[in-house]
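Listed here are the chains, written in short residue letters.
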Amino acid sequence: MKITLITVTYNAASVLPRTLDSIRHQTYQQIEHLIIDGASKDETVAIAETYRKECPYEVTILSEPDKGLYDAMNKGLRKATGDYLVFLNAGDTLHAADTLSTLTSHLSHLTSPSPAVIYGDTAIVDNEGTFLHLRRLRPPRHLTWKSFRQGMLVCHQAFYVRTDIARQEEYDLQYRHSADVDWCIRVMKRAEQQQLPLVNTNEILADFLEGGDSTQNHRDSLKERFRVMRHHYGLLTTCVMHGWFVIRAFIK
């Protein structure tokens, strides 16, 4: 079983090495690694090229101008050839050296049909890679597309999608900050339509760098997320859940 990891970069020389190291040190090496770069002006591509020459698995580097993060992620979707894929962008890391081994072990013990999504928990880390805490929103035991009414309960970096399913749903470029939320919901809807399971590994699969794009653009991200949720769940449900989000923020 081959796992495709897709890493999107732009002027990411300061944080890319930790991402590459976390992949290079995996005990499971049936890997395809796609590095989709937006024509960086720093040493990002040089770092990626050095990494490519040192790796025993397939590494593909594409560096060209794009229309932003989600356009680059769509390029990765189209190029992926693994059985499953995950997005692990610059600065994010696989949680441990055996993360992919653990993931594929779960998959090997499952009966047909293969799950559309296999998911897990996420740790939040600082710039030094030091564990800070588990992500506040935790993955439910049984995930469905309706679960995201409560927020994005599974982090993008811990959301592994069967590639044939993933490629049927590209990122919607009308969203600048929350297209990942919309994409995950659409993937899970398609899984339900095809009666494919979503499987919880009950493991920490990813480390997420504190202060990602949605944190840096918090207000715009919240507005977009409201639009995404209204589209999928309706206005009334979205308003009720956002009222709960406000209450939850004060009692956490």
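Just so it is clear, the model here is predicted, and its values are computed rather than measured. (Residues numbered from 1 in each chain as written. Predicted model: local features only at pLDDT ≥ 70, side-chain atom pairs only at ≥ 80, totals over all residues. Heavy atoms only, no water.)

**Brief notes about the pattern of salt bridges**
What counts, and what does not: The rule for a salt bridge is simple: a side-chain nitrogen of Lys or Arg has to be within 4 Å of a carboxyl oxygen of Asp or Glu. Helix and strand assignments follow DSSP, with helices taken as H or I runs no shorter than four residues and strands as E runs no shorter than two, numbered in order from the N terminus. Burial classification: accessible surface area is computed with a 1.4 Å probe over protein chains only, and a residue below 20% of its type maximum counts as buried, one above 50% as exposed, and the rest as partly exposed.
Counted according to the given criterion, the structure contains 10 salt bridges. Between R52 and E49 there is a salt bridge; the shortest N-O distance is 2.8 Å. Of this pair, R52 and E49 are both found in helix α2 (residues 44–54), 3 residues apart, which corresponds to roughly one turn of the helix. Note on E49: relative accessible area 27%, which makes it partly exposed.

**Some remarks on the environment of R141**
This is how it is decided: In this analysis, two residues are considered to be in contact whenever any of their non-hydrogen atoms come within 4.5 Å of each other.
Its place among the elements puts R141 in the loop between β7 (131–134) and β8 (159–162). Considering only alpha carbons, one finds R141 and G120, 21 residues apart in sequence, at a separation of 9.5 Å. When near neighbours in sequence (up to four residues on either side) are disregarded, R141 contacts Y119 and N200.

**Considerations on the pairing of strand β4 (residues 84–87)**
Put simply, the rule reads: Each pair of strands is called paired provided DSSP finds at least two bridges between the two strands.
Alternating positions in β4 separate into two faces, Y84 and V86 on one and L85 and F87 on the other, with burial throughout. For strand β1 (residues 3–9) and β4, the ladder comprises 4 bridges, and the chain directions are parallel. Looking at β4, one finds that I3 is bridged to Y84. One ladder, built from 2 bridges, connects β4 with β8; its direction is antiparallel. Within the sheet, the bridge partner assigned to L85 lies in β8 and is V161.

**What to know about the side chain of E169**
Basically, it comes down to this: Here a polar contact means two N or O atoms within 3.5 Å. Within protein one must be a hydrogen donor candidate and the other an acceptor candidate, and residues neighboring in sequence count only if both atoms are side-chain atoms.
By secondary structure assignment, the location of E169 is in the loop between α5 (163–166) and α6 (179–193). Side chain to side chain, E169 and R190 meet in a polar contact 2.8 Å long. In contact with E169, not counting residues within four places along its chain, are L77, W183, R186, V187 and R190.

**Thoughts on unusual backbone geometry**
In this structure, N11 takes a positive phi of about 45° despite not being glycine. Tracing the chain through its elements places N11 in the loop between β1 and α1 (16–24). Judged by relative accessible area, which is 33%, N11 ranks as partly exposed. Here the phi dihedral of A39 falls at roughly 65°; this positive angle occurs in a residue that is not glycine. As for its placement among the helices and strands, A39 is situated in the loop between β2 (31–37) and α2. A39 sits in the partly exposed class, given a relative accessible area of 25%.

**Section: α2**
The condition is simple: Working note: the arc is built from the helix axis to C-beta atom directions.
Listed as buried for α2 are T44, A48 and Y51. For α2, the buried positions fall inside an angular range of 60° around the axis, keeping them on one side. Across from the buried face of α2, at angles greater than 90 degrees, the exposed residues are K53 and E54. Elements in contact with the buried residues of α2: β1, α1, β2 and β3 (58–63).

**Describing the environment of L198**
When you line up the elements, L198 lands in strand β9 (residues 198–209). Here L198 falls in the buried class, since its relative accessible area comes to 18%. Sequence separation of L198 and W145 is 53 residues, and the distance between their C-alpha atoms is 9.9 Å. With sequence-adjacent residues up to four places away left out, L198 is seen in contact with A116, V117, Y119, L143, T144, M188 and A191.

**Comments concerning the packing of aromatic side chains**
Given two aromatic rings, their pairing is described by the distance between the two centres and the angle made by the two planes. Using the following cut-off: Here a pair means two rings of Phe, Tyr or Trp (six-membered ring of Trp) with centres within 6.5 Å. Their orientation is stacked below 30 degrees between planes, edge-to-face above 60, and tilted elsewhere. Here, a charge over a ring is recorded when the distance from Lys NZ or Arg CZ to the ring centre is within 6 Å and its angle to the ring normal is within 35 degrees.
Taken as a whole, this structure holds 7 aromatic pairs when the rule is applied. With a centroid separation of 6.3 Å and 65° between ring planes, the pair formed by Y51 and Y57 is classed as edge-to-face. Across the pair, exposure class does not vary: Y51 and Y57 are buried alike. Note on Y70 and Y171: the rings are 5.7 Å apart at their centroids and 20° apart in plane angle, and the pair reads as stacked. Of this pair, Y70 sits in helix α3 (residues 69–79) while Y171 sits in the loop between α5 and α6, placing them 101 residues apart in sequence. With relative accessibility at 6%, the residue Y70 sits in the buried group. Judged by relative accessible area, which is 3%, Y171 ranks as buried. These aromatic residues form a ring-pair network of at least three members: Y70, F87, F159, Y171 and W183. The ring of W145 is capped by K189, whose NZ or CZ atom sits 4.7 Å from the centre of that ring.

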